[in-house]
2 protein chains.
Amino acid sequence: MYVIAVYDCGEKRVAKMLKLMRRYLIWIQNSVFEGELSGVQLKKLKIEAAEIMNPSEDSLIIFTSRQERWLDKEVLGREKNKTDNFL
Amino acid sequence: MYVIAVYDCGEKRVAKMLKLMRRYLIWIQNSVFEGELSGVQLKKLKIEAAEIMNPSEDSLIIFTSRQERWLDKEVLGREKNKTDNFL
């Protein structure tokens with residue numbers, strides 16, 4: 001399935017979260033990631049994220065769509081993923 | 001159509017962008033918004049966003065899905081929208 005994940009983490013956990021996300025998904029903007037994952041992969045991602053997160057402070061929103069073609073994406077302004085040497 | 005919008009703006013433009021987004025969509029996390037918009041509304045939103053943005057620094061990613069039911073959302077951790085008195 002197609003996944004968009006957006007996290008908001010306390011500073012201490014940002015680096016860990018970023019690292020986790022990059023193992024499963026493609027970074028597209030700040031704390032926004034997208035990619036194709038199987039059900040099992042998504043489950044693993046959520047379990048690993050829960051281990052990093054402080055549930056009273058941090059938040060992770062995951063949108064899923066069964067098919068990528070059901071979702072259109074448009075980028076206005078700078079396409080960060082193309083220009084930044086992030087990490 | 002169903003819209004998810006995520007922006008990344010220079011500090012000087014964040015407040016304006018936030019205000020614009022809130023006129024069209026529902027705030028769900030940091031710089032993430034969602035909601036149901038008509039094609040005309042989405043067009044207006046993009047035009048107004050382009051007026052605020054510095055295209056070489058800022059970025060706005062817009063995901064659209066023709067039907068909300070094609071998209072599932074799950075929130076792990078804190079559901080900010082329910083607890084914060086934002087703005």
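Preceding this section is the structure that the text describes.
Residues numbered from 1 in each chain as written. Chains lettered and ligands numbered in written order. Predicted model: local features only at pLDDT ≥ 70, side-chain atom pairs only at ≥ 80, totals over all residues. Heavy atoms only, no water.

Novice: Help me understand the environment of Glu11(A), please; the structure alone is not making it clear to me.
Specialist: Inspection of the secondary structure assignment puts Glu11(A) in helix α1 (residues 11-24). Once the C-alpha coordinates of Glu11(A) and Met53(A) are considered, the two residues, 42 residues apart in sequence, prove to be 11 Å apart. (Helix = DSSP H or I, 4+ residues; strand = E, 2+ residues; numbered from the N terminus.)

Novice: How should I be thinking about the relation of the copies chain B and chain A in this particular structure?
Specialist: Both copies of the chain are related by a screw-like operation: a rotation about an axis and a shift along it. Relative to chain A, chain B is turned by 180° and slid 0.0 Å along the rotation axis, the superposed coordinates differing by an RMSD of 0.0 Å. Such a combination of rotation and displacement between the chain copies is what one expects of a two-fold axis. Considering only C-alpha atoms, the residue of chain B closest to the rotation axis is Trp70(B), which sits at 3.4 Å. Mapped onto chain A, 100% of the interface residues of chain B are again interface residues, and the two copies thus contact each other with one and the same surface. (Least-squares fit on C-alpha atoms with pLDDT ≥ 70 in both. Contact = heavy atoms within 4.5 Å.)

Novice: Help me understand the sheet that holds strand β4 (residues 59-65) of chain A, please; the structure alone is not making it clear to me.
Specialist: Hydrogen bonding along the main chain pairs the strands of a sheet, whether they run parallel or antiparallel. Ordered by their spatial adjacency, 5 strands build an open sheet running β2(A)-β3(A)-β1(A)-β4(A)-β5(B), and the pairing between neighbours is antiparallel. Because the sheet does not close on itself, it has two edges, and the strands there are β2 (26-29) of chain A together with β5 (71-77) of chain B. The sheet shows a mean angle of 25° between the axes of neighbouring strands, taken without regard to direction. Of the strands in this sheet, β1 (2-8), β2, β3 (32-36) and β4 of chain A are in contact with α1(A), which crosses β1(A) at around 175°. Sheet strands in contact with helix α2 (residues 39-52) of chain A are β1, β3 and β4 of chain A together with β5 of chain B, and its direction is about 175° off that of β4(A). (Pairing = 2+ DSSP bridges. Axes fitted to C-alpha atoms, helices over the stretch in contact; angles between N-to-C directions.)

Novice: Explain the pattern of salt bridges to me, please; I cannot follow it from the model alone.
Specialist: Any two side chains of opposite charge can pair, on the condition that their charged atoms come close. The final tally for this structure, using the stated rule, is 10 salt bridges over all chains. Note that Lys73(A) is salt-bridged to Glu34(A), the shortest N-O span being 2.5 Å. With Lys73(A) in strand β5 (residues 72-77) and Glu34(A) in strand β3, this residue pair connects regions lying 39 residues apart in the sequence. For Lys73(A), a relative accessible area of 39% gives the class partly exposed. Taking relative accessible area as the criterion, Glu34(A) reaches 8% and is therefore assigned buried. One salt bridge connects Arg13(B) with Glu57(B), and the closest N-O pair in it is separated by 3.3 Å. Separated by 44 residues along the polypeptide, Arg13(B) in helix α1 (residues 11-24) and Glu57(B) in the loop between α2 (39-52) and β4 (59-65) bring together distant segments of the chain. Given a relative accessible area of 44%, Glu57(B) falls into the partly exposed group. Three or more residues are tied together by salt bridges with common partners; here these are Arg13(A), Glu57(A) and Asp58(A). (Salt bridge = Lys/Arg side-chain N within 4 Å of Asp/Glu carboxyl O. Buried < 20%, exposed > 50% of the residue type's maximum accessible area, 1.4 Å probe, protein only.)

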